[in-house]
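The chain contents come next:
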Amino acid sequence: MGFLGSPSVASSYYSSSRVFLYPAAFVFWVLVLMNGAAVCNGGKTSTFVRKVEKSVDMPLDSDVFRVPPGYNAPQQVHITQGDHVGKAVIVSWVTQDEPGSDVVLYWSENCNEKKEAKGKHRTYKFYNYMSGNIHHCTLRNLKFDTKYYYEVGIGQTVRRFWFVTPPEVGPDVPYTFGLIGDLGQTFDSNRTLTHYEHNPHKGQTVLFVGDLSYADNYPNHDNVRWDTWGRFAERSVAYQPWIWTAGNHEIDFAPEIGETTPFKPFTRRYHTPYKASGSTAPFWYSIKRASAYIIVLSSYSAYGKYTPQYQWLEEELPKVNRSETPWLIVLMHSPWYNSNNYHYMEGDTMRVMFEPWFVQYKVDVVFAGHVHAYERSERVSNIVYNIVNGLCAPIRDQSAPVYINIGDGGNIEGLANNMTEPQPKYSAYREASFGHAIFDIKNRTHAHYSWHRNQDGYAVEADSLWFYNRFWHPIADSSSV
Ligand SMILES: *[C@@H]1O[C@H](CO)[C@@H](O)[C@H](O)[C@H]1NC(C)=O
Ligand SMILES: *[C@@H]1O[C@H](CO)[C@@H](O)[C@H](O)[C@H]1NC(C)=O
Ligand SMILES: *[C@@H]1O[C@H](CO)[C@@H](O)[C@H](O)[C@H]1NC(C)=O
Ligand SMILES: *[C@@H]1O[C@H](CO)[C@@H](O)[C@H](O)[C@H]1NC(C)=O
Ligand SMILES: [Fe+2]
C-alpha cells in the first residue's frame, strides 16, 4: 500500500471518537502513524464507513423461523458431506410432534428409481428444554457430479429437497466454496445469507468456520434458539452441504444449571464425517472435495503434544497428496493472525503447536472466525523463535498460508471495530463489516478469492485476490500492493 494509502490507518472511522475527545492527541497519533507506516509498510485498513445500526436477533415470529405446515413436518433440514471423498451425504432433520419415519427417499435426476436409506433419531434434554426428534441418515454410494432429489417425513408430511454431489476428486476440478462464520440469527445474519445466495459466483458448498446459533446468549442457553437457527439456515443448507467447524458458542458448558457436557446441543444436531478420516471426535476431521483437501480443526479441544487432535493432525498432513488435491485448506474457529483487539492472541497457543507443520506442508489458506470483522493476512510465518534467540516476529514466507478471518456473519454480539494500531505488517486488509467470502478454485494453480460486504450490491467484491497454489505455483500472491 505504501505511504500514500497509509494515513487511512489513522483517519478511519474507528478512531473518530478520539478525534472529538482528544484533538491534540489525535494529531499526534496521525503523525506517529504516518511516520510508522512509511517504514513498516503495513496493509490496508478500509475506510468504508458502515451504516451504524445495532444487530438484534430476528424475533421468534419472523418469516425465516416459520415452522413448515403439516402434521409432524420435518424442519431444520440440513446436509453435510458424509464420507471422505464426496460420495455420501448426511441428511438431518427434526420432527416435533412424534418421531415419525427415519427414512430418506432419494433418486438421481436422470433415474427415477427411488432408493431409501434409514437413519436414526434421538432427543436430548438441556436444563428445562427438551428437543424434538433429531434424525440423521447417511446416503451412501452416490454418483459424483449428479443432482439428487430427496424426501423426508415419509408417511406423514413429506418435504422434498435436492443437492448436487461434487465432481470426482482430481487436481484440476473447478469448485466454488462459500465462506461464512459466526452467523447467528440477527437481521444482519439474514442479510449475509441472502448475499451469499445471490452472489453471482454461486458457491456450491459452505465452509462454516464456527459459531452457529448463539443460543447461549439467551437465559439458560435457551435451546429454542438452536431450533430457530436450524429453520433459518435451512433455505441454504438443505440444498448444499455446510462443512461444520466448532466455535466457542457450540460449547454450551453451563455448570450453573447442571449442563456439564461440552458441545451437547451441537453434537446432537450437527454431525460430521469424522470417522472417515480416522478422527476420534467430531470436532476435527478432513474431507476431500473436488480439488480441495479440507482439514477442520477444533480450537476448543486439546491440541497439545500427545493429545488426540495433535496425533491425528501429525498423521493427517503427510497423507495429503497435492497431485490429487492441490488445494490444502484449513478451517478453525479462533484465528492465529488477526489485528483486532477483540480476542487478540487467543489463537496463539494453537499457532505455537501447529504453525511449523502448516509451513512444512504448504497450506494454501486458513479460514477462521471468532473475531467479528474481516481481515486477510500476508503470507507470513513465525516459527523460528526458540525461547532464547529473540526471533519472535512474523516474517514474509512464501510457504506459509494466507490467514483469513471471516467471523463477520452478523451475529448479535455486533462488530469488533477496535483494531491494533498501527496496522501490523502481517495484516494485508482489514475492515469491521459483516459479509461472506467465496473461494473459487479454477484449476491446480489458480483460485479466485473475494470478500463481499452484506451492505453492497450482490456482485461487489470489497476485497479480492488471485490465490496461487503453494505446491504447483508458489509465487507471491498475497501482497496488498
Ligand atoms: C430474510 O431474508 C429473506 C430473503 O431476503 C427475506 O425474504 C425475509 O423477509 C427476511 N426476513 C427477515 C426477518 O429479515
Ligand atoms: C498421488 O495422487 C496421484 C494422482 O491421483 C497418484 O498418481 C499418485 O500415485 C498418488 N501418490 C501417492 C503417494 O499416493
Ligand atoms: C480498544 O482496545 C484497547 C486494548 O484492549 C483498549 O485499551 C481500548 O480501551 C479499546 N478502545 C475502545 C474504544 O474500546
Ligand atoms: C488456470 O486458471 C487460470 C485462471 O482462470 C488461467 O489463467 C490459467 O491459464 C489456467 N491454467 C491452465 C493450465 O489451464
Ligand atoms: Fe467465537
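None of the values given here were measured: they were computed from a predicted structure.

(A) Summary view of the sheet that holds strand β25 (residues 446–453). As summarised here, the arrangement of the 6 strands in space is β14-β13-β12-β24-β25-β26, forming an open sheet in which the pairing is mixed. What marks the edges here is a single partner per strand, and that holds for β14 (242–244) and β26 (463–468). Ignoring which end each strand starts from, the neighbouring axes of this sheet average 20° apart. As paired strands, strand β24 (residues 435–441) and β25 are joined by 7 bridges and run antiparallel to one another.

(B) Broad picture of the site of ligand 1. Neighbouring ligand 1 are the residues Met58, Ser62, Asp63, Val64, Phe187, Asn190, Thr194 and Arg235. One nitrogen or oxygen atom from the side chain of threonine 194 is found 3.3 Å from an oxygen atom belonging to ligand 1. Relative to its free-state accessible area of 360 Å², ligand 1 is covered by the protein chains to the extent of 57%. A per-element tally of the shell around ligand 1 places helix α5 (residues 187–198) first, with 3 residues. Here the shell around ligand 1 is composed, by residue class, of 3 nonpolar, 3 polar and 2 charged.

(C) Quick peek at the pattern of salt bridges. In the structure shown here, the tally under the stated rule is 19 salt bridges. Arginine 430 serves as the salt-bridge partner of glutamate 421, at 3.2 Å between the closest nitrogen and oxygen. Because the salt bridges share partners, they merge into one network encompassing Asp348, Arg351 and Glu355.

(D) Structural detail: the side chain of aspartate 397. By secondary structure assignment, the location of aspartate 397 is in the loop between β21 (395–396) and β22 (402–406). One buried charged side chain, aspartate 397, makes no salt bridge at all; its nearest oppositely charged neighbour is lysine 362, positioned 7.3 Å away.

(E) Quick peek at the coordination of the iron ion (ligand 5). For the iron ion (ligand 5), the full set of protein donor atoms is Asp211 (OD), Asn248 (OD1), His333 (NE2) and His370 (ND1), at a range of 2.1 to 2.3 Å. On the basis of relative accessible area, asparagine 248 is assigned to the partly exposed category, the value being 21%.

(F) Expanded view of the layout of surface pockets. In this structure, the largest pocket spans a volume of roughly 550 Å³. Every residue lining the largest pocket is counted, 22 residues in all, and those nearest its centre are His136, Thr138, His271, Thr272 and Lys275. Elements that contribute at least two residues to the lining of the largest pocket include exactly β6 (120–122), β9 (133–139) and α7 (264–269). At 4 residues, the largest contribution of residues to the lining of the largest pocket is made by β9. Its residues placed into classes, the lining of the largest pocket shows 8 nonpolar, 8 polar and 6 charged. Mapped by element, the contributors of at least two residues to the lining of the second largest pocket are β11 (159–164), α5 and α6 (224–237). Residues of the lining of the second largest pocket, tallied by class, amount to 8 nonpolar, 6 polar and 4 charged.

(G) Structural context of the side chain of glutamate 250. Considering the arrangement of structural elements, one finds glutamate 250 in the loop between β14 and α7. This buried residue, glutamate 250, is left without a salt bridge; arginine 269 holds the nearest opposite charge, at 10 Å. In terms of polar contacts, glutamate 250 uses its side chain to reach the backbone amide nitrogen of glycine 247, at 2.7 Å. Residues within four places of glutamate 250 in sequence aside, it is in contact with Gly210, Asp211, Leu212, Ser213, Trp226, Thr245, Phe263 and Phe266.

(H) Focus on the nonpolar core. Ranked by size, the top nonpolar core spans 83 residues in total, and within it Phe358, Phe367 and Phe439 carry the most contacts. If we ignore the near neighbours within four places in the chain, the residues touching phenylalanine 439 are Tyr175, Thr176, Phe177, Leu179, Trp327, Ile329, Val365, Phe367, Ala447, His448, Tyr449 and Phe467. Core analysis: the next-biggest nonpolar cluster, separate from the first, contains 17 residues, Val91, Tyr106, Cys137 and Phe161 among them.

(I) How the structure looks around the sheet that holds strand β2 (residues 75–81). Taken in spatial order, the 4 strands of this open sheet run β2-β3-β9-β6, and their pairing is antiparallel. Across the chains shown, the open sheet's two edge strands, defined by having one partner strand only, are β2 and β6. Strand-to-strand twist of the sheet, defined as the mean angle between neighbouring strand axes without regard to direction, takes the value 20°. Both β2 and strand β3 (residues 89–95) contribute to a ladder of 5 bridges, which runs antiparallel.

(J) Representation of the packing of α5 against α6. Interhelical geometry of α5 versus α6 gives an angle of 10° and a closest axis separation of 11 Å. When the axes of α5 and α6 are compared, the pair comes out roughly parallel. In this structure, α5 contributes Ser189, Asn190, Leu193, Thr194, Tyr196 and Glu197 to the contact, and α6 contributes Phe232, Ala233, Arg235 and Ser236. Within the contact of α5 with α6, the residues separate by chemical class into 4 nonpolar, 4 polar and 2 charged.

(K) Summary view of a nonpolar patch on the surface. On the surface, Ile383, Val384 and Leu391 cluster together into a nonpolar patch covering about 240 Å² of accessible area. A relative accessible area of 48% places leucine 391 in the partly exposed class.

(L) Seen up close, helix α8 (residues 308–316). Within α8, the full set of buried residues consists of Gln309, Tyr310, Trp312, Leu313 and Glu316. For α8, the arc enclosing every buried residue in end-on projection is 165°, short of the 170-degree limit, so these residues lie on one face. Residues of α8 that are buried in the fold lie against β15 (285–289), β16 (292–296) and α9 (348–360).

(M) Geometry of α5. Between the first and last C-alpha of α5 there are 17 Å, a value that for 12 residues agrees with the 16 Å anticipated at 1.5 Å per step. Within α5, burial applies to Asp188, Ser189, Asn190, Thr192, Leu193, Thr194, His195 and Tyr196. Elements that come into contact with the buried residues of α5 comprise β12 (175–180), β13 (205–208), α6, β14, β24 and β25. Capping of α5 at its N-terminal end is provided by threonine 186; its side-chain oxygen lies 3.0 Å from the backbone amide nitrogen of aspartate 188.

Rules and cut-offs
Residues numbered from 1 in each chain as written. Chains lettered and ligands numbered in written order. Predicted model: local features only at pLDDT ≥ 70, side-chain atom pairs only at ≥ 80, totals over all residues. Heavy atoms only, no water. Pairing = 2+ DSSP bridges. Helix = DSSP H or I, 4+ residues; strand = E, 2+ residues; numbered from the N terminus. Axes fitted to C-alpha atoms, helices over the stretch in contact; angles between N-to-C directions. Near = heavy atom within 4 Å. Polar contact = N/O pair within 3.5 Å; in protein donor to acceptor, adjacent residues only side chain to side chain. Areas by Shrake-Rupley, 256 points an atom, 1.4 Å probe, with all protein chains shown as cover. Nonpolar A, V, L, I, M, F, W, Y, C, P; charged D, E, K, R; others polar. Salt bridge = Lys/Arg side-chain N within 4 Å of Asp/Glu carboxyl O. Buried < 20%, exposed > 50% of the residue type's maximum accessible area, 1.4 Å probe, protein only. Lys, Arg positive; Asp, Glu negative; His and termini not counted. Donors = N, O, S within 2.8 Å, 3.2 Å for Na, K, Ca; no water. 1 Å grid on protein atoms, 1.4 Å probe; cavity = no way out; pocket = protein on both sides within 12 Å on 5 of 7 lines; lining within 4 Å. Points joined across faces, edges and corners; volume = space filled by probe spheres on them. Contact = heavy atoms within 4.5 Å. Core = buried A, V, L, I, M, F, W, Y, C linked by side-chain atoms within 4.5 Å. Parallel < 35°, antiparallel > 145°, perpendicular 65-115°, else oblique. Patch = residues over 30% accessible without salt bridge, like charges linked within 9 Å, V, L, I, M, F, W, Y side chains within 5 Å. Arc of directions from axis to C-beta. Expected span 1.5 Å × (residues − 1).

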